[in-house]
Amino acid sequence: FGMMMAVADEVSALDNGAQFRAARNSELFDAGGRRIARLTGNQNRILLGEEDISPNVLNAVTAIEDRRFYEHDGVDYRGIARALWYDLREGRIVQGGSTITQQFVKNALVAQNRRTVVQKLREAALAYHLERQWSKQKILTQYLNTVYFGNGAYGVDQAARTYFGHRAKKMTLWEVALLAGIPADPSRYDPVANPRAAKL
């Protein structure tokens, strides 16, 4: 209960717009103090509005990443139980139980490298609050604006430009299907480095 109450005020900081306003580029200087490079990191993304994302993209991503996205309240207890069962049966981690909402929260938090049990509980609590304040469409749009698609492409529009040379709204059905599978494991399903795995 304490965790749920403590994170309630943090939801507004998860908005893509707030993240981009807070982002800062880094500058690299030589020994003489002259700027030699500007590092933009992963903040060089293209934000899309809800109306700019094709229903094909929404359907493909939810089918692969979170089939019960429209049914749960941010945390999918059935999905967690299923993943735990498979992980215990295999003796290693083979499945994840995170929802799209939880994945978005994890991606939006600055401390995503410190994935302790407390951090995961905080993410679940934030996901729960997020589902009460934002529409499913907004959550999915913001997720698609921030998720990593490999090869330095953050967000679905940047991924479409990186892999296909055009905007996300111009993607064909096979391009949508290819992109939708990448976030599950961006290095394994990288269409550049592993085209065969990406097509499967």
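Here the structure is a predicted model, which is why all the values come from computation and not from measurement.

Caption draft 1: Molecular detail of the packing of aromatic side chains. Tallied over the entire structure, the rule returns 5 aromatic pairs. Relative to Tyr 70, the ring of Phe 69 lies with its centre 5.0 Å away and its plane at 80°, an arrangement referred to as edge-to-face. A relative accessible area of 0% places Phe 69 in the buried class. Assessed through its relative accessible area of 48%, Tyr 70 is described here as partly exposed. Ring centres 6.4 Å apart and planes at 55° place the aromatic pair Tyr 163 and Phe 164 in the tilted group. Per residue, the accessibility class of Tyr 163 equals that of Phe 164, and both read buried. Counting every residue linked through ring pairs, the aromatic cluster contains Tyr 163, Phe 164 and Trp 174. Here the basic side chain of Lys 136 rests over the ring of Phe 69, its NZ or CZ set 4.6 Å away from the ring centre.

Caption draft 2: Quick peek at the environment of Ala 184. Positionally, Ala 184 belongs in the loop between helix 9 (173–181) and helix 10 (195–199). Each C-alpha atom of the pair Ala 184 and Tyr 148 lies 9.5 Å from the other, and the pair is 36 residues apart in sequence. Other than its neighbours up to four places away in sequence, Ala 184 contacts Glu 65 and Tyr 189.

Caption draft 3: Main features of helix 9. Regarding helix 9, the residues found buried are Glu 175, Val 176, Leu 178, Leu 179, Ala 180 and Gly 181. Residues of helix 9 that are buried make contact with helix 3 (55–65), helix 8 (156–164) and helix 10.

Caption draft 4: Looking closely at the packing of helix 3 against helix 9. With their axes 9 Å apart at the nearest point, helix 3 and helix 9 run at an angle of 35° to one another. Like other packed secondary-structure pairs, helix 3 and helix 9 cross with a definite hand, here right-handed. Seen from helix 3, the contacting residues are Asn 56, Val 57, Ala 60, Val 61 and Ile 64; seen from helix 9, they are Leu 173, Val 176, Ala 180 and Gly 181. Of the residues assigned to the contact of helix 3 with helix 9, the class counts are 7 nonpolar, 2 polar and no charged.

Caption draft 5: Broad picture of the environment of Lys 138. Along the chain, Lys 138 turns up in helix 7 (residues 136–146). Considered as a pair, Lys 138 and Glu 50 are 88 residues apart in the sequence and their alpha carbons are 6.7 Å apart.

Caption draft 6: Looking closely at the nonpolar core. Leu 144, Phe 149, Val 156, Met 171 and Leu 179 are the most contacted members of the largest nonpolar core, which has 36 residues in total. Breaking this core down by element, the ones donating at least two residues are helix 3, helix 5 (100–108), helix 6 (117–133), helix 7, helix 8 and helix 9. Those residues within four positions of Leu 179 in sequence are excluded, and the remaining contacts are Phe 149, Val 156, Ala 159, Ala 160, Tyr 163, Phe 164 and Met 171.

Rules of the game
Residues numbered from 1 in each chain as written. Predicted model: local features only at pLDDT ≥ 70, side-chain atom pairs only at ≥ 80, totals over all residues. Heavy atoms only, no water. Phe/Tyr/Trp six-rings, centres within 6.5 Å; stacked < 30°, edge-to-face > 60°. Buried < 20%, exposed > 50% of the residue type's maximum accessible area, 1.4 Å probe, protein only. Lys NZ or Arg CZ within 6 Å of the ring centre and 35° of its normal. Helix = DSSP H or I, 4+ residues; strand = E, 2+ residues; numbered from the N terminus. Contact = heavy atoms within 4.5 Å. Axes fitted to C-alpha atoms, helices over the stretch in contact; angles between N-to-C directions. Left-handed = near helix turned anticlockwise from the far one by under 90°. Nonpolar A, V, L, I, M, F, W, Y, C, P; charged D, E, K, R; others polar. Core = buried A, V, L, I, M, F, W, Y, C linked by side-chain atoms within 4.5 Å.

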